[in-house]
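Close look at the chain arrangement
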Amino acid sequence: MESAAFALQEQMSNTAMFSEQSLEALKNVMVETEFKKGMSIYWEGDPSDKLYYVIKGRVKVFKSAYDGKDLVLHYFTPDDLFGELGCFGYDEYSFTANCVTDCTIGVIAEKEVEALLTGNIGLSFEFMKWIGLMNQYTEIKMRDLLFYGKNGALASTLIRMAHGFGKKEADGIHYTIGLTNSDLAQLIGSTRETVNRMLQSWKNDGAIGYYHGSIVIKDVNYIKAICHCEDRCPMNICRL
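Description of the structure in this document. (Residues numbered from 1 in each chain as written. Predicted model: local features only at pLDDT ≥ 70, side-chain atom pairs only at ≥ 80, totals over all residues. Heavy atoms only, no water.)

**Regarding the overall build of the protein chain**
- For the protein chain, the helix and strand inventory stands at 6 helices and 12 strands.
- Relative to the 2.2 N^0.38 estimate, which gives 18 Å for 240 residues, the radius of gyration of the protein chain is 19 Å and therefore close to what a compact globule would have.
- For the protein chain, the spread of C-alpha atoms along the three principal axes comes to 55 × 40 × 30 Å.
- Within the protein chain, contacts between residues separated by at least 24 positions form 75% of all contacts whose residues are at least 6 apart in sequence. (Helix = DSSP H or I, 4+ residues; strand = E, 2+ residues; numbered from the N terminus. Rg over C-alpha atoms; globule rule 2.2 N^0.38 Å. Contact = heavy atoms within 4.5 Å.)

What follows is the structure, given as structure tokens:
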């Protein structure tokens, strides 16, 4: 039932478009800072004057609604860059960034970025590609929610998780990342109860199972059909 062409690999970092020289230049001006699990790195509405580079740990970036519900847009892992800057057209952070685990983060001040970009056409072009990539992440998530509803959004989330954190076993695809049904609900802007119902339906159809409480994908083609996945997205886009 599992597609032989389905690719499993480490989640690609979002800094792959930067040259080694550019990454080294960024690392030379960043200040390593420790954040404990549960700490917020910045809040939605704070002045957008820094970028952040994940050295160790996992960070989630989310948007909060007036009813208190959160929509998690991205998970960032080591070698990912995130944040917004005034020089890129953002006066305030559009989202909140929170540490899922204990984290070591490289903090890069806006003035340092501006100094690096001045007179460095190559780095400026790489930053343009990075901004475009970040916009693509958000656009694809919104596409799944708007076109295919909660079912499609959950299915595409499981596919993205499998690409970046999947491991093939005899009984299907297991995940190497631990996300609860509440975490999955935040990734699709829904409730845990709704996620429970969808997963139970897919389990009844034989598409998924469980191993020690974690989801196992038994029929990846079934899941792909729900979100109309055609294996056309680049691997650097198909990620959490």
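**Some points on unusual backbone geometry**
- Even without being glycine, Asp79 reaches a positive phi, approximately 80 degrees.
- For Asp79, the position within the fold is in the loop between β5 (70-76) and β6 (81-85).
- Positive phi, close to 55 degrees, is recorded for His212, a residue that is not glycine.
- The topology assignment puts His212 in the loop between β11 (208-211) and β12 (214-217).
- Residue classification places His212 among the exposed residues on the basis of a relative accessible area of 71%. (Buried < 20%, exposed > 50% of the residue type's maximum accessible area, 1.4 Å probe, protein only.)

**Thoughts on the nonpolar core**
- Ranked by size, the top nonpolar core spans 39 residues in total, and within it Phe18, Ile41, Val59, Phe82, Ile105 and Phe127 carry the most contacts.
- Core analysis: the next-biggest nonpolar cluster, separate from the first, contains 32 residues, Phe165, Val195, Ala207 and Val220 among them. (Core = buried A, V, L, I, M, F, W, Y, C linked by side-chain atoms within 4.5 Å.)

**Points about the pattern of salt bridges**
- Counted under the stated rule, the structure contains 7 salt bridges.
- Of the charged contacts, one joins Glu44 and Lys63 as a salt bridge, the two residues approaching to 3.0 Å between their closest N and O atoms. Placement of Glu44 in the loop between β2 (40-42) and β3 (49-56) and of Lys63 in strand β4 (residues 59-64) is noted, with a sequence separation of 19 residues between them.
- Taking relative accessible area as the criterion, Lys63 reaches 34% and is therefore assigned partly exposed.
- As a salt-bridge pair, Lys50 and Asp49 come within 3.4 Å of each other at their nearest N and O atoms. (Salt bridge = Lys/Arg side-chain N within 4 Å of Asp/Glu carboxyl O.)

**Overview of the packing of helix α2 (residues 110-117) against helix α3 (residues 121-165)**
- Closest axis-to-axis distance for the α2/α3 pair is 8 Å, and the angle between their directions is 125 degrees. It follows that α2 is oblique to α3 by the angle criterion. Residues Val113, Leu116 and Leu117 of α2 touch α3, and the partners they reach there are Leu123, Ser124 and Phe127. (Axes fitted to C-alpha atoms, helices over the stretch in contact; angles between N-to-C directions. Parallel < 35°, antiparallel > 145°, perpendicular 65-115°, else oblique.)

**Here's the deal with α3**
- The terminal C-alpha atoms of α3 lie 35 Å apart, and with 45 residues this falls more than 12% below the ideal 66 Å at 1.5 Å per residue.
- Where α3 bends most, at Tyr148, the angle is about 135 degrees. (Expected span 1.5 Å × (residues − 1). Bend = angle between axes of the 7 residues up to and from the residue.)

**Observations regarding the sheet that holds strand β1 (residues 31-35)**
- Reading across from one edge, β1-β8-β3-β6 is the order of the 4 strands in this open sheet, with antiparallel pairing throughout. Pairing within the sheet leaves two strands with one partner each, and these edge strands are β1 and β6. Neighbour-to-neighbour, the strand axes of the sheet open up by a mean angle of 25 degrees, direction not taken into account.
- In this sheet, strand β8 (residues 103-109) lies alongside β1 in antiparallel orientation, the contact comprising 5 bridges. When the bridges of β8 are listed, Val31 appears paired with Val107.
- Packing of helix α1 (residues 20-29) onto the sheet brings it into contact with β1, β3 and β8, and relative to β8 it is tilted by some 95 degrees.
- Sheet contacts for α2: β3, β6 and β8; angle to β8, the most-contacted strand, approximately 60 degrees. (Pairing = 2+ DSSP bridges.)

None of this, on its own, says anything about what the molecule does.
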